[in-house]
Amino acid sequence: MSWAPRAGLPIVESTTPPVLTLTGPVTRPRVTGLVHDVRALMEATGAAVVVCDVAGIGPPGLIAVDLLARLQLAARRAGGRLRLRAPDPALRALLDLVGLRFEVEGEAEEGEPALGVEVEVEPGETAV
C-alpha cells in the first residue's frame, strides 16, 4: 500500500493547558472555591495539566502552602497534575521545607539538561 504525500505541513494538535491565576491574599474560605475551580477546569477541558499562576499570590505562608497542597490533591484525584508558573523563591523554599514537590513551568524535567546548555567534553574523554 502507498499513500500520496500530503501538501503542506503535517497536522499537529497543539494543546495549551488551562491556567488558574491566583491572587492574594489567600484566605481559608477561598480555598474550597479554588479546589472546585481546578476540578472544573480539568473536567471541562479534559486537560491532564493545570497551570497555576502564583505570581500574585502575595507573601508566602502556611495558608498558601495548604492551598497549593489541596489544589495538587484535587488535580491528582481528577487524573492530572498541577504545574506552577512564576513562584516566588520564598514560596518555593517553603514548599521544599514542608516536603511538597511541584513541577515548575520553564524548568527542565528531572534527568534532562536545561535548554541551551551544552556539555563540553575534554579531548581524549569519551562522550557520555
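Per an unreviewed UniProt entry, the recorded name for the protein chain is ABC-type transporter Mla MlaB component, and the organism is Streptomyces rishiriensis.

Take the overall build of the protein chain next. When helices and strands are counted, the protein chain shows three helices and four strands. Reading the protein chain from its N end, one meets helices and strands in the order β-α-β-α-β-α-β. Sorting the 128 residues of the protein chain into buried and exposed places 27% on the buried side. Considering only contacts in the protein chain between residues 6 or more positions apart, those separated by 24 or more positions represent 69%. When the accessible surface of the protein chain is split by element, carbon and sulfur atoms take 55% of a total near 9300 Å².

So, on to the pairing of strand β2 (residues 49-56). A large share of β2 lies buried, amounting to six of its eight residues. In this sheet, β2 lies alongside strand β1 (residues 19-23) in parallel orientation, the contact comprising four bridges. Bridging from a neighbouring strand, T23 pairs with G56 of β2. As paired elements, β2 and strand β3 (residues 81-85) share five bridges and run parallel to each other. Bridge pairing in β3 places C52 opposite L84. Each parallel crossover has a hand, and the one from β2 via helix α2 (residues 62-77) to β3 is right-handed.

This paragraph deals with the pairing of β3. As paired strands, β3 and strand β4 (residues 103-104) are joined by two bridges and run parallel to one another. In the strand pairing of β4, L84 is matched with V104. Viewed along the sheet, the connection from β3 through helix α3 (residues 89-98) into β4 turns out right-handed.

Let us now look at the sheet that holds β2. Strand order across the open sheet formed by four strands is β1-β2-β3-β4, with parallel pairing between neighbours. Sheet topology places β1 and β4 at the edges, where each strand pairs with a single neighbour. Each of β1, β2 and β3 touches helix α1 (residues 28-45); the most contacted strand, β1, lies at about 165 degrees to it. Those strands touched by α2 are β1, β2 and β3, and its axis lies near 140 degrees from that of β3.

Looking now at unusual backbone geometry. Across residues other than glycine, the phi torsion is negative in most instances, and most of the peptide bonds are trans. Between G24 and the following residue, P25, the backbone shows a cis peptide bond with an omega angle of -5 degrees. With respect to the helices and strands, the residue P25 is situated in the loop between β1 and α1. Of note, the phi angle at A86 is positive, near 55 degrees, even though the residue is not glycine. By secondary structure assignment, the location of A86 is in the loop between β3 and α3.

Taken together, the side chains of L62, L97 and V98 make up a nonpolar region of the molecular surface, amounting to roughly 340 Å² of accessible area. As for its position among the elements, L97 is in helix α3.

A few words now on the side chain of Q72. Mapped onto the elements, Q72 comes out in helix α2. The contact partners of Q72, leaving out residues within four places of it in the chain, are L82, L100, R101 and F102.

Conventions we followed
Residues numbered from 1 in each chain as written. Predicted model: local features only at pLDDT ≥ 70, side-chain atom pairs only at ≥ 80, totals over all residues. Heavy atoms only, no water. Helix = DSSP H or I, 4+ residues; strand = E, 2+ residues; numbered from the N terminus. Buried < 20%, exposed > 50% of the residue type's maximum accessible area, 1.4 Å probe, protein only. Contact = heavy atoms within 4.5 Å. Areas by Shrake-Rupley, 256 points an atom, 1.4 Å probe, with all protein chains shown as cover. Pairing = 2+ DSSP bridges. Right-handed = clockwise from strand over helix to strand, strands pointing away. Axes fitted to C-alpha atoms, helices over the stretch in contact; angles between N-to-C directions. Patch = residues over 30% accessible without salt bridge, like charges linked within 9 Å, V, L, I, M, F, W, Y side chains within 5 Å. Salt bridge = Lys/Arg side-chain N within 4 Å of Asp/Glu carboxyl O.

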